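Listed below, chain by chain, are the residues.
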Amino acid sequence: MEIAPPLALVLCGGASRGAFEVGFYRALKELGLRIDFIAGSSIGALNGAYIAAGMPPGELARLWLGIRRRDAIRWNWKGLIQPRDHPGLYTLDTLREFLRRTLPATRFEDLPIPLTITTTDLQLGKAVHWHGPGDIIEPLVASLSLPVFFAPVRIGDHQYVDGGVANNVPLNEAKAFGARHSLMIQCVCCPSTPGLFVGLLGILGRSLSIAFDSKYNVDLERSGETMQIHIVRPALPRQVGLLDFSHTAELIETGYRQTLEYFRTQSRHRSTAV
């Protein structure tokens with residue numbers, strides 16, 4: 001399949017649902033689509049870093065399937081004693097170590113595909129976008145630092161949290177790069193549900209999903225005026241919590257199959273139009 005370059009891959013946040021993006025990536029490779037630029041926010045920044053570094057889809061899938069919660073996050077025991085100085089339920093120190101071990105490249109300038117990582121600056125109150133040259137790890141950890149769950153990451157005199165707070169779908173960065181087309185898969189969606197949400201994390205997770213989803217729709221409408229955006233909207237028969245990694249294999253497979261189906265449908269429509 002051919003799509004006119006420059007072609008951007010835009011990867012949004014969605015925590016555990018970021019597994020959709022792994023299947024999405026596999027399908028794009030099979031379709032022969034060449035990515036010229038990647039913009040990622042939150043878990044999309046993590047997937048984007050591995051993709052930009054040249055990790056093949058199968059290896060990225062094995063990484064996702066093999067990781068356990070203790071490989072990435074652990075309880076923030078210091079926060080129980082000194083919550084003012086060490087805010088957040090969990091610490092991402094183990095994730096820093098994991099990224100150093102597993103990323104094929106840890107500096108922006110060493111990436112085969114240009115990458116932009118989106119974070120939220122607490123002092124400026126807006127999105128801040130990181131790209132080369134420089135080290136990837138701290139901006140990447142900051143982009144994953146969902147407030148309350150994790151402490152802000154301090155870089156210089158500023159504190160940074162999850163990129164999804166200010167810009168969960170950084171289509172504006174793809175537009176700034178000059179992309180004519182952008183590819184993305186929706187990881188955060190909030191269909192109506194009759195079930196009750198219980199517990200602090202369940203209610204907080206649902207609330208954040210609603211906030212991200214609402215802003216995404218506004219950003220999509222604005223960016224679609226100047227750039228063609230190809231969006232895969234995967235469907236699952238159940239709700240998957242932001243920190244529920246028990247459905248990873250299913251999410252990867254769903255993202256893969258529904259991406260292929262999306263582009264098959266697009267090809268049929270073009271053939272009919274001709």
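Residues numbered from 1 in each chain as written. Predicted model: local features only at pLDDT ≥ 70, side-chain atom pairs only at ≥ 80, totals over all residues. Heavy atoms only, no water.

A closer look at the overall build of the chain
Consideration 1: The helix and strand inventory of the chain stands at eleven helices and ten strands.
Consideration 2: Residues classed as buried in the chain amount to 51% of the 274 residues present.
Consideration 3: As displayed, the chain has an accessible area near 13100 Å², and 55% of this comes from carbon and sulfur atoms. (Helix = DSSP H or I, 4+ residues; strand = E, 2+ residues; numbered from the N terminus. Buried < 20%, exposed > 50% of the residue type's maximum accessible area, 1.4 Å probe, protein only. Areas by Shrake-Rupley, 256 points an atom, 1.4 Å probe, with all protein chains shown as cover.)

What to know about the nonpolar core
Consideration 1: Core analysis: the largest hydrophobic core is formed by 75 residues, its most contacted members being Leu 9, Ile 38, Tyr 50, Leu 60, Leu 99, Leu 140 and Leu 183.
Consideration 2: A total of seven residues in this core trace back to one element, the largest contributor, which is helix α2 (residues 43-52).
Consideration 3: Residue contacts for Tyr 50: discarding those within four places in its chain leaves Met 55, Leu 60, Leu 63, Phe 98, Leu 99, Thr 102, Leu 103 and Pro 104. (Core = buried A, V, L, I, M, F, W, Y, C linked by side-chain atoms within 4.5 Å. Contact = heavy atoms within 4.5 Å.)

Considerations on helix α1 (residues 19-30)
Consideration 1: Between its first and last C-alpha atoms α1 spans 17 Å; for twelve residues at 1.5 Å apiece the expected length is 16 Å, and the two agree.
Consideration 2: Among the twelve residues in α1, nine count as buried, and that is most of the element.
Consideration 3: Every buried residue of α1 is listed here: Ala 19, Phe 20, Glu 21, Val 22, Gly 23, Phe 24, Tyr 25, Ala 27 and Leu 28.
Consideration 4: Two residues or fewer past α1, Gly 32 is found with a positive phi of approximately 75 degrees. (Expected span 1.5 Å × (residues − 1).)

What about the pairing of strand β2 (residues 37-41)?
Consideration 1: Of all the five residues making up β2, five are buried; the element is thus mostly covered by neighbouring parts of the structure.
Consideration 2: Of the two faces of β2, the one holding Phe 37, Ala 39 and Ser 41 and the one holding Ile 38 and Gly 40 are both buried throughout.
Consideration 3: As judged from the four bridges shared by strand β1 (residues 7-11) and β2, these two strands associate in the parallel manner. By the bridge assignment for β2, Leu 11 is matched with Gly 40.
Consideration 4: Once you follow β1 into α1 and on to β2, the crossover reads as right-handed.
Consideration 5: Two elements, β2 and strand β5 (residues 115-121), share four bridges in a ladder whose sense is parallel. In the sheet register, Ala 39 faces β5, and the bridge partner there is Thr 116. (Pairing = 2+ DSSP bridges. Right-handed = clockwise from strand over helix to strand, strands pointing away.)

Re unusual backbone geometry
Consideration 1: Omega for the peptide link from Gly 132 to Pro 133 comes to -5 degrees, which places this bond in the cis form.
Consideration 2: If you trace the backbone, Pro 133 turns up in the loop between β6 (126-130) and α7 (137-143).
Consideration 3: Even without being glycine, Ala 15 reaches a positive phi, approximately 55 degrees.
Consideration 4: Tracing the sequence through the fold places Ala 15 in the loop between β1 and α1.
Consideration 5: Non-glycine residue Ser 42 carries a positive phi angle of around 60 degrees.
Consideration 6: Take Ser 42: it is sitting in the loop between β2 and α2.
Consideration 7: A residue is classified by how much of its surface remains accessible, and Ser 42, at 7% relative accessible area, is buried.

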